[in-house]
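# A closer look at the structure
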Protein chains: 4
Amino acid sequence: MASFGIYGLGRMGQAIALRLLRNGHRLHVYNRSPGPIDLLVQAGAQGATSLAHLVSQLEAPRCIWLMLPAGEPTDEALVALSELLSPGDVLIDGGNSYWKDAARRAAMLEKRGIAFLDVGTSGGVHGLDRGFCLMVGGPAEAADLVDPIFASLAPAELAPNGKEPHGNRPGFVRTGPCGSGHFVKMVHNGIEYGMMQSIAEGFEFLAAAAAPSRLANEKFELKLDEIAEAWRRSSVISSWLVDLAAEALLNDPQLSAFSGRIEDSGEGRWMLHEAIENRIPAPSLAAALFARFESRTDARFGNQLLSAMRMGFGGHKEPPSPN
Amino acid sequence: MASFGIYGLGRMGQAIALRLLRNGHRLHVYNRSPGPIDLLVQAGAQGATSLAHLVSQLEAPRCIWLMLPAGEPTDEALVALSELLSPGDVLIDGGNSYWKDAARRAAMLEKRGIAFLDVGTSGGVHGLDRGFCLMVGGPAEAADLVDPIFASLAPAELAPNGKEPHGNRPGFVRTGPCGSGHFVKMVHNGIEYGMMQSIAEGFEFLAAAAAPSRLANEKFELKLDEIAEAWRRSSVISSWLVDLAAEALLNDPQLSAFSGRIEDSGEGRWMLHEAIENRIPAPSLAAALFARFESRTDARFGNQLLSAMRMGFGGHKEPPSPN
Amino acid sequence: MASFGIYGLGRMGQAIALRLLRNGHRLHVYNRSPGPIDLLVQAGAQGATSLAHLVSQLEAPRCIWLMLPAGEPTDEALVALSELLSPGDVLIDGGNSYWKDAARRAAMLEKRGIAFLDVGTSGGVHGLDRGFCLMVGGPAEAADLVDPIFASLAPAELAPNGKEPHGNRPGFVRTGPCGSGHFVKMVHNGIEYGMMQSIAEGFEFLAAAAAPSRLANEKFELKLDEIAEAWRRSSVISSWLVDLAAEALLNDPQLSAFSGRIEDSGEGRWMLHEAIENRIPAPSLAAALFARFESRTDARFGNQLLSAMRMGFGGHKEPPSPN
Amino acid sequence: MASFGIYGLGRMGQAIALRLLRNGHRLHVYNRSPGPIDLLVQAGAQGATSLAHLVSQLEAPRCIWLMLPAGEPTDEALVALSELLSPGDVLIDGGNSYWKDAARRAAMLEKRGIAFLDVGTSGGVHGLDRGFCLMVGGPAEAADLVDPIFASLAPAELAPNGKEPHGNRPGFVRTGPCGSGHFVKMVHNGIEYGMMQSIAEGFEFLAAAAAPSRLANEKFELKLDEIAEAWRRSSVISSWLVDLAAEALLNDPQLSAFSGRIEDSGEGRWMLHEAIENRIPAPSLAAALFARFESRTDARFGNQLLSAMRMGFGGHKEPPSPN
């Protein structure tokens, strides 16, 4: 069996490391800031003081899982490690990298005999307990070498309907050649954007119905937390995202800790770009992305121009502010 | 020729009355508040002190043009006038009524022998000079009776490309039976919503490109007023709405008089309702309507829930406010 | 305990009846066509030959669950039963009725002392095994009377993450007064529309990537059934709808049994109508509905006009058909 | 005054050349296929047999207008001409190039002392008579040199409302540095996409209302050609695109020459890409693009999956084909 290291101990990197330790793996970890290393050492990992140190601790064939921000940080780590590793070793990019970067990275590493796997990793911080859904792109021999790790990271749980999974390991798929793992993860996240937007629209609607000032004819005093809780089980929309919504509403029915300004990461944008290039209508994804853009935009020049045109043709004044 | 009155002297009612006076029509006017009556009397109209007085001033066959808010105000006026008018008279609803109301109103009036025309009227306050685009629904005999009025209200202008109109009077169409005039006007306004939204998105985009903080790679210092002015002539998007945008930007390139909160009137909603009922995709109209709704909504519970779900699965914090 | 009947033995009515029989309830059933009655009688139910017969079989207080098409069939059944039942009895509308119909129906029944519950019922035909998610609107006393039935219909399953439900019975919520049950079900289905559309867009995209002719630069040979299977567990999008997608793809990776013409039922439309009326942007729901409309529309006059405009300004010819 | 040539005599190139000849310019023209050269020679131009011949015919400072397909054809021509021209000459890209290509091209030419102008050109083949709307990016000295040409190409017409243009030459704007001309043209075309989609949706709706089978409650027999004709004048949506729609409907009210498969060119996509990158919601543009994608897609795997999921949870069968 291969000797295993992790570089990058953010929230996701820590969860992966801890799940592997729980499953009895011998693990070497490195991170740029030392805090998370100490935390993992307490949990049983071997800490490294540098990338070179990390590599030196491992026995060939070495497998190192990178869990770093996409783009430059991942590129820099791959270059640095390419100079430290040996032919036969394996590098794994478990982050949210752009799938088109994988081919370039694999080619760079291949020159030194190092194999590259692009592993789309879903499950968030809950993966520590639930396991991670893994989408693995890259050469089969390298994936075989890392397989004991994948086996421990992938979920043990059965399907939500209690049936046995069809065929292989649950929550795990080998997607094909280099790049396909992150490609499939991109699509996964595009679906995630749309599902989240659908849920948000539904609860926006319920909140409006519960607020007499918005849905004027309506006197329902809906309890959003109880409704979300009910929808978690046996409904057609039962899903992990509805689970999370229910838990958030249980903790704070007003969600007063959140302003509603929503970040978007790369995958949703990448998928929409790709849809445009390939003439694939993606109205639901676009709606989800635009809603996030809108959530972060306070002033809109276009809207001011709309008001100006309405004033221009009809003398229409703007409606008063609601407050 | 019929004797002609107008009830309802808001911005549009005044513009219609003034255009008729300019064209030499003898005109009787009434309005609930007296101010606009005085104004029209100075311009040459005969003022009335009540609806009954208005009716008594007219000789049969009487034609009265209503230019009132849609819904109850129009219904109340129709009922009141139905009791004052005589068989052979004509009532014209020139407002933005819901087209499905026309059949009911026509039936109510028909019992008393009064004809009803539903006239979609476009052109805004500029109609005084430009003429009004008229979409006339209702019985032909009644429309013939009112024709001298229509002839004066409709535009004299040729098509923008300088060619003669095909066939009849410019800017004028008899659309068919009762209700069809407001139906066609509803669709006109639906197109208007979409065109305005398209123009607004374009200028939003130009404004972002002109603001270094938004389109970061971009150093263009675009002058939106000059661009809008150029687009008015010979471009594919040349249109009266672009004219209005150019004039607004010329007056105030920052549009600082406008907050960007945009009202919506009934027609856009009615058309979207109808599209839903009849399985006609209308994504552009929906986008335009939703953008207006969005412009008036400061807080969104759905967005807060989106943030809460992201915190739930990934520990993601909300991005900071831009200010 | 109340005596219990079901009227309406379509797919959903049968599943409800069978689940109640499995849980030991004594059950009386009626249906317009006799076939399903025979089937239920074999499973242990008492069959009725008419509505009057059904009512005569029950002891007061009688509870009858209607599982009929929304609109007229439900109205007719409610009127007929209102004349057969007695004060203190309860009628339950478990179908996909329009929530605004509930108040009218409840008032009609209240005159005869009959209570009315509007119960949004989710779970589809799988509810027989999984249980049904129930959203119960109407008076508490009536809901209490029916509670043993609700207890058997609601799911026994825990939340997908294996945790205990917060508080009450899983998959069950009392939503408030009359109409609120179907209102909440309408919103549930609106979310369902959006989630389904998101999943469909994602797999559309994967299918395009797997088809070299669409995503030309791409050589991935993605196995959609394996990907769907993996996403079922521990991914952020794990959900019952992804379960169903995975099962469909496992049975037939080409989905060749389906043409892709998608029906829409009332709830999605009702929610969009409501969103329009209440100025709530619902872009994701609109996208989902329009995609369904589009799926059923072969020819589009608007598209022909687009082509004609392009020919008009640029002499552009239409692209050739792909086949 | 500079000596002037045109390379690229497609529909747009011919219209530009003919307008210049009409305005008394001495003009040299070249095209890869000889047919259009002969046509222009008959109209008074000097024909060239090669790019080198074209250049040799011109006196310094030479100005050559390229009207070629975007991308490689334009790049190849620029490279070839850069080797034939001299310092002080000017190259003009009047095609629909991607605005980000302009900086690279200008830098390549600058090394040889050749100035580059990127000129967004709108107006279509009608520009011959109407004039062209020109959006000029690049250095002022070069634009000054070409100004007599711009003056002849720009429209003579006044604004549609008959007023004098504000300030400068109608239909003409200097947008700023290199790239800005095509950037502004991209936004222009984005607006065009949205406006066309809005008009198409409106007429789709009218066509449905005129077809009893679609809007079942409706008996209107709308004449779309007459309605379009009326909307051309004094309506809020009066525009050149409505003019084109009216003319197309006049020629063939059924538009039977068009299948409704709609091509999209680069600009709409580029603007949507840019909107995504810069977090600018562009729902109307996205709707227009997706409608075009949809118009060209006969089979949709995502829709098949939607049907499969509906079969999965509710046993729902697909609706029959309308034919």
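In the block above lies the structure referred to throughout.
Every value quoted in this text rests on a predicted model; they were computed, and no experiment measured them. (Residues numbered from 1 in each chain as written. Chains lettered and ligands numbered in written order. Predicted model: local features only at pLDDT ≥ 70, side-chain atom pairs only at ≥ 80, totals over all residues. Heavy atoms only, no water.)

## Considerations on the overall build of chain A
Counting secondary structure elements, chain A contains 13 helices and 8 strands. On the principal axes, the C-alpha backbone points of chain A span a range of 75 × 45 × 40 Å. Per-residue burial for chain A yields a buried fraction of 63% across its 323 residues. Pairs at least 24 residues apart make up 64% of the contacts formed inside chain A by residues separated by at least 6 positions. By element, 51% of the accessible surface of chain A is carried by carbon and sulfur atoms, the whole surface being about 11,300 Å². (Helix = DSSP H or I, 4+ residues; strand = E, 2+ residues; numbered from the N terminus. Buried < 20%, exposed > 50% of the residue type's maximum accessible area, 1.4 Å probe, protein only. Contact = heavy atoms within 4.5 Å. Areas by Shrake-Rupley, 256 points an atom, 1.4 Å probe, with all protein chains shown as cover.)

## Quick word on helix α11 (residues 266-277) of chain A
Residue and element names in this part refer to chain A. Taking 1.5 Å per residue, 12 residues should reach 16 Å; α11 reaches 17 Å between its end C-alpha atoms and fits that length. For α11, the buried fraction is high: 10 of the 12 residues fall into the buried class. Of the residues making up α11, those classed as buried are Glu 267, Gly 268, Arg 269, Trp 270, Met 271, Leu 272, His 273, Glu 274, Ala 275 and Ile 276. A positive backbone phi angle near 55 degrees is found at Arg 279, which sits one or two residues after α11. (Expected span 1.5 Å × (residues − 1).)

## Quick word on the interface of chain C and chain A
Contacts between the two partners involve 84 residues from chain C, matched on the other side by 84 residues from chain A. Each partner contributes to the roughly 7,100 Å² buried at the junction of chain C and chain A, and carbon and sulfur atoms together form 67% of this total. If you look at where chain C meets chain A, you find 0 salt bridges. For the interface between chain C and chain A, the tally reads 20 residue pairs in polar contact (both at pLDDT 80 or more). Elements with a contribution of two residues or more to the side of chain C that touches chain A: β7 (133-137), β8 (172-176), α8 (180-210), α9 (224-231), α10 (240-251), α11 (266-277) and α12 (283-295) of chain C. Ranked by residues supplied to the side of chain C that touches chain A, first place goes to α8 of chain C with 20 residues. (Buried area = accessible area lost by both parts, 1.4 Å probe. Salt bridge = Lys/Arg side-chain N within 4 Å of Asp/Glu carboxyl O. Polar contact = N/O pair within 3.5 Å; in protein donor to acceptor, adjacent residues only side chain to side chain.)

## As for the relation of the copies chain C and chain A
In screw terms, the move from chain C to chain A is a rotation of 180 degrees and a rise of 0.0 Å along the axis, fitting with an RMSD of 0.1 Å. Within this description, the copies of the chain are treated as partners about a two-fold rotation axis. The rotation axis passes nearest to the C-alpha of Ser 239 of chain C in chain C, at a distance of 1.9 Å. The overlap is high: 100% of the interface residues of chain C also sit at the interface in chain A, so the same surface is used on both sides. (Least-squares fit on C-alpha atoms with pLDDT ≥ 70 in both.)

## Some points on the interface of chain A and chain B
By a frequent convention, interface size equals the accessible area lost on bringing the separate parts together. Each partner contributes residues to the interface: chain A has 59 residues there, and chain B has 60 residues. For the chain A and chain B pair, buried surface summed over both sides reaches about 5,300 Å², with 64% attributable to carbon and sulfur atoms. Looking only at chain A, the three residues that lose the most surface to chain B are Phe 258, Phe 301 and Phe 313 of chain A, adding up to 14% of its buried area. Taken together, the links from chain A to chain B amount to 0 salt bridges. Connecting chain A to chain B are 20 residue pairs in polar contact (both at pLDDT 80 or more). For the side of chain A that touches chain B, the elements supplying multiple residues, two or more each, are α8 (180-210), α10 (240-251), α12 (283-295) and α13 (301-314) of chain A. Per-element accounting of the side of chain A that touches chain B gives the leading share, 14 residues, to α13 of chain A.

## Quick notes on the relation of the copies chain A and chain B
Between chain A and chain B, which share one sequence, the superposing operator has a rotation angle of 180 degrees and an axial displacement of 0.0 Å; the RMSD is 0.1 Å. Comparing interface residues between copies, 100% of those in chain A also sit at the interface in chain B, which points to an isologous, same-surface contact.

## A look at the packing of α11 of chain A against α8 of chain C
Where α11 of chain A meets α8 of chain C, the axes come as close as 12 Å, and the angle between the chain directions of the two elements is 60 degrees. Classed by the angle they form, the pair α11 of chain A and α8 of chain C counts as oblique. In this structure, the crossing between α11 of chain A and α8 of chain C has a hand that is left-handed. Contacts between α11 of chain A and α8 of chain C involve Met 271, Glu 274 and Ala 275 of chain A from the first element and Glu 201, Gly 202 and Phe 205 of chain C from the second. Of the residues contributing to the contact of α11 of chain A with α8 of chain C, the split by class is 3 nonpolar, 1 polar and 2 charged. (Axes fitted to C-alpha atoms, helices over the stretch in contact; angles between N-to-C directions. Parallel < 35°, antiparallel > 145°, perpendicular 65-115°, else oblique. Left-handed = near helix turned anticlockwise from the far one by under 90°. Nonpolar A, V, L, I, M, F, W, Y, C, P; charged D, E, K, R; others polar.)

## What about the sheet that holds strand β2 (residues 27-30) of chain A?
All names here are of chain A. Spatially, β3-β2-β1-β4-β5-β6-β7-β8 is the arrangement adopted by the 8 strands of the open sheet, whose pairing is mixed. Taken across any chain shown, the strands that pair with only one partner, and hence form the sheet edges, are β3 (46-47) and β8 (172-176). Direction of pairing for strand β4 (residues 62-66) relative to strand β5 (residues 90-93): parallel, over a ladder of 4 bridges. The residue bridging Ile 64 from the neighbouring strand is Leu 91, located in β5. Strands in contact with helix α1 (residues 11-22) are β1 (3-7), β2, β4 and β6 (115-122); relative to β1, the strand with the most contacts, it is inclined by about 155 degrees. The strands that α8 touches are β5, β6, β7 (133-137) and β8; relative to β6, the one it contacts most, it runs at about 15 degrees. (Pairing = 2+ DSSP bridges.)

## So, the packing of aromatic side chains
Under the definition given, this model contains 40 aromatic pairs over all chains. Ring geometry for Phe 203 of chain B against Trp 231 of chain B: centres 5.5 Å apart, planes inclined by 65 degrees, an arrangement best described as edge-to-face. With a gap of 28 residues between them, Phe 203 of chain B in helix α8 (residues 180-210) and Trp 231 of chain B in helix α9 (residues 224-231) connect regions that are remote in the sequence. Both residues of the pair, Phe 203 of chain B and Trp 231 of chain B, count as buried. Ring pairs connect the aromatic residues Trp 99 and Phe 183 of chain A together with Phe 205 and Phe 220 of chain C, which therefore count as one cluster. Taking NZ or CZ as reference, Arg 292 of chain A lies 3.9 Å from the ring centre of Tyr 193 of chain A, over its face. (Phe/Tyr/Trp six-rings, centres within 6.5 Å; stacked < 30°, edge-to-face > 60°. Lys NZ or Arg CZ within 6 Å of the ring centre and 35° of its normal.)

## As for the pairing of strand β5 (residues 90-93) of chain D
A regular strand places its side chains on the two faces of the sheet in alternate fashion. Residue and element names in this part refer to chain D. Here β5 shows a buried face lined by Val 90 and Ile 92 and a second buried face lined by Leu 91 and Asp 93. Where β5 lies against strand β6 (residues 115-122), 4 bridges are found, and the strand directions are parallel. Following the sheet pairing, Leu 91 is matched in β6 by Phe 116. With helix α5 (residues 99-110) bridging β5 and its parallel neighbour β6, the resulting β-α-β unit is right-handed. (Right-handed = clockwise from strand over helix to strand, strands pointing away.)

## Side note on the nonpolar core
Residues Trp 231 of chain A, Trp 231 of chain B, Trp 231 of chain C together with Trp 231 of chain D are the most contacted members of the largest nonpolar core, which totals 236 residues. If near-sequence neighbours (up to four positions away) are discounted, Trp 231 of chain C is found in contact with Cys 133, Met 135, Val 184, Val 187, His 188 and Ile 191 of chain A together with Phe 203, Leu 206, Ile 237, Ser 238 and Val 242 of chain C. With 54 residues, the next largest nonpolar core counts Met 67, Leu 81, Phe 132 and Phe 150 of chain D among its residues. (Core = buried A, V, L, I, M, F, W, Y, C linked by side-chain atoms within 4.5 Å.)

## Considerations on the side chain of Glu 192 of chain B
With respect to the secondary-structure elements, Glu 192 of chain B resides in helix α8. Lacking a salt bridge, the buried Glu 192 of chain B has Arg 292 of chain B as its closest oppositely charged neighbour, with an N-O distance of 5.3 Å. Leaving out residues up to four positions away in the same chain, Glu 192 of chain B has contacts with Phe 313 of chain A, Leu 241 of chain B together with Val 236 and Ile 237 of chain D. (Lys, Arg positive; Asp, Glu negative; His and termini not counted.)

## Notes on the pattern of salt bridges
Following the criterion strictly, the structure yields 76 salt bridges over all chains and no others. Residue Asp 243 of chain B pairs with Arg 232 of chain B through a salt bridge whose shortest N-O separation is 2.8 Å. With Asp 243 of chain B in helix α10 (residues 240-251) and Arg 232 of chain B in the loop between α9 and α10, this residue pair connects regions lying 11 residues apart in the sequence. Residues Asp 243 of chain B and Arg 232 of chain B agree in their burial class; the two are buried. Three or more residues joined by partner-sharing salt bridges are found here, namely Asp 75, Asp 93, Asp 101, Arg 104 and Arg 105 of chain A.

## Details of the sheet that holds strand β1 (residues 3-7) of chain B
All names here are of chain B. Ordered in space as β3-β2-β1-β4-β5-β6-β7-β8, the 8 strands form an open sheet in which the pairing is mixed. The open sheet has two edge strands, β3 (46-47) and β8 (172-176), and neither has a second partner. Where strand β6 (residues 115-122) meets strand β7 (residues 133-137), 5 bridges bridge the pair, whose relative direction is antiparallel. Bridging across to β7, Thr 121 finds its partner in Leu 134. Strand contacts of helix α5 (residues 100-110): β5 (90-93) and β6, with the helix running at about 145 degrees to β6, the strand carrying the most contacts. Where α8 meets the sheet, its contacts fall on β5, β6, β7 and β8, and the angle it forms with β6 comes to roughly 15 degrees.

## Here we look at the state of the cysteines
The final tally for this structure, using the stated rule, is 0 disulfides over all chains. Between Cys 178 of chain B, a cysteine without a disulfide, and Cys 63 of chain B, which holds the nearest cysteine sulfur, the sulfur-to-sulfur distance is 16 Å. (Disulfide = S-S within 2.5 Å.)

## Structural notes on helix α9 (residues 224-231) of chain A
Where burial is concerned, most of α9 of chain A is hidden: 6 out of the 8 residues are buried. Taken residue by residue, α9 of chain A has Leu 224, Ile 227, Ala 228, Glu 229, Ala 230 and Trp 231 of chain A as its buried positions. Tucked inside the fold, the buried residues of α9 of chain A contact α8 and α10 of chain A, α13 (301-314) of chain B together with β7, β8 and α8 of chain C.

## Quick notes on the environment of Met 195 of chain C
Here Met 195 of chain C shows up in helix α8. Remark: the alpha-carbon pair of Met 195 of chain C and Val 242 of chain C, spanning 47 residues in sequence, is separated by 9.5 Å. With sequence-adjacent residues up to four places away left out, Met 195 of chain C is seen in contact with Met 195, Ser 198, Ile 199, Ile 237 and Ser 239 of chain A together with Leu 241 of chain C.

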